[in-house]
Amino acid sequence: MGKMTKVMHEALPLNSILDGDCIEAMNSLPEGSIDLIFADPPYNLQLRGDLHRPDNSKVDAVDDAWDQFASFRKYDEFTQAWLKAAKRLLKPNGAIWVIGSYHNIFRVGAELQNQGFWMLNDVVWRKSNPMPNFRGKRLTNAHETLIWASKTESSKYTFNYEALKALNEGTQMRSDWVLPICTGHERLKNDAGDKAHPTQKPESLLHRVLVATTNPGDVVLDPFFGTGTTGAVAKKLGRDFIGIEREAAYREVAEKRLKNVRKFDRSSLEVTQSKRAEPRVPFGQLVERGMLTPGEELWSLNGRHKAKIRADGTLIGDDVKGSIHQVGAALEGAPSCNGWTYWTFKRDGKKVPIDLLRQQIRAEMN
């Protein structure tokens, strides 16, 4: 961590919940100090009267004062102000996630573009257990939309592609996520036994967002902190968080929740990295260190070809000389070849991929 970054880091109210208006609180923080913002702003649901189930019981819908705006213009002005404050806070390579419903997400998306954020993806969170449409007048509203955007078009934002692929059993992660809504033991209750927050998000959603787009030690800001799901997941994953919440009842629940959260151990926080992000190890280093010796033969994985190792880390096989990649490609008559996965050496009569030796060196380097 650079000296300037360290000073800014120390000046931040890390791992705490700020009381008050989100815009004023954001404007009080140092410019360019936040790695990622996760925002779950008021939805401005425009409810018309109470909603009842078929048995005439009342649905506990979002009818709190903080979700009420006098007009679309007022909501747009609020969106413009908090997004402006958010953009000032982001580091040059920072990014933002905003989640919303059909009532507000399109207005928020337009303002993101108006302010120069660069859209990366919209993600559909498809709820595996949505609330039914009791009136039978519309489709069951079974999803919410998240927008992921970098601060600018040129931002070198964090994306742990390989980690998400690993989360998805080796398949590239798609932009439609099937996850359950917050129910059962995860749903926080107040002292009266009622839902502590009407739109509490599941930790699974934040886990995926933070594993995908942050690294341990990053600072994550949630300007609409609620009952602290972002903070709880950030703390577990070794990220620092800052929450902003003006409602005292929500802050109280969040603080109690966060006291009981423990950070995972350091080795558990490591995720699968892109091969390009790993330290470069020249094949010649295996020869220098005696892990392989000059004159030793390498065999192709398919067993059709062999080549001899030379003292400078090049190979010779069938009058072809060059790197492990060049010789492999020439012997196979292919335009290119990944020599690390193509070549094996023999130990105790068994073929062993040379890439295992490279991984051993990388482990030592880390």
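Since the structure is predicted, the reported quantities are computational estimates derived from the model, not experimental observations.

Digging into helix α8 (residues 248-259)
For step 1, the next point in the chain: Relative to the 16 Å expected for 12 residues at 1.5 Å per residue, α8 spans 17 Å between its end C-alpha atoms, a close match to the ideal helical length.
For step 2, the next point in the chain: Taken as a whole, α8 has its buried residues at Y250, R251, V253, A254, R257 and L258. Looking straight down α8, one finds that the buried residues subtend no more than 165° of arc, so they occupy a single side. Pointing more than 90 degrees away from the buried face of α8 are the exposed residues A249, K256 and K259.
For step 3, the next point in the chain: Where the residues of α8 are buried, they touch β1 (16-19), α6 (203-213), α7 (229-236) and β8 (240-245).

Section: the nonpolar core
For step 1, the next point in the chain: Grouped together as the largest cluster of nonpolar side chains are 34 residues, with contacts concentrated most on W97, L146, W177, L205, V209 and L210.
For step 2, the next point in the chain: Not counting residues up to four positions away in its chain, the partners in contact with L205 are I99, W125, L146, W177 and L179.
For step 3, the next point in the chain: One finds M26, Y75, W82 and L112 within the second-largest nonpolar core, a separate group that totals 31 residues.

Focus: unusual backbone geometry
For step 1, the next point in the chain: A positive phi angle, close to 50°, is found at D318, a residue other than glycine.
For step 2, the next point in the chain: Assignment of secondary structure puts D318 in the loop between β11 (315-317) and β12 (320-322).
For step 3, the next point in the chain: The class of D318 is exposed, set by a relative accessible area of 61%.
For step 4, the next point in the chain: Phi is positive for D348, which is not a glycine, with a value near 55°.
For step 5, the next point in the chain: Mapped onto the fold, D348 is located in the loop between β13 (343-347) and β14 (350-353).
For step 6, the next point in the chain: Take D348: its relative accessible area is 82%, and that puts it in the exposed class.

Definitions and cut-offs
Residues numbered from 1 in each chain as written. Predicted model: local features only at pLDDT ≥ 70, side-chain atom pairs only at ≥ 80, totals over all residues. Heavy atoms only, no water. Helix = DSSP H or I, 4+ residues; strand = E, 2+ residues; numbered from the N terminus. Expected span 1.5 Å × (residues − 1). Buried < 20%, exposed > 50% of the residue type's maximum accessible area, 1.4 Å probe, protein only. Arc of directions from axis to C-beta. Contact = heavy atoms within 4.5 Å. Core = buried A, V, L, I, M, F, W, Y, C linked by side-chain atoms within 4.5 Å.

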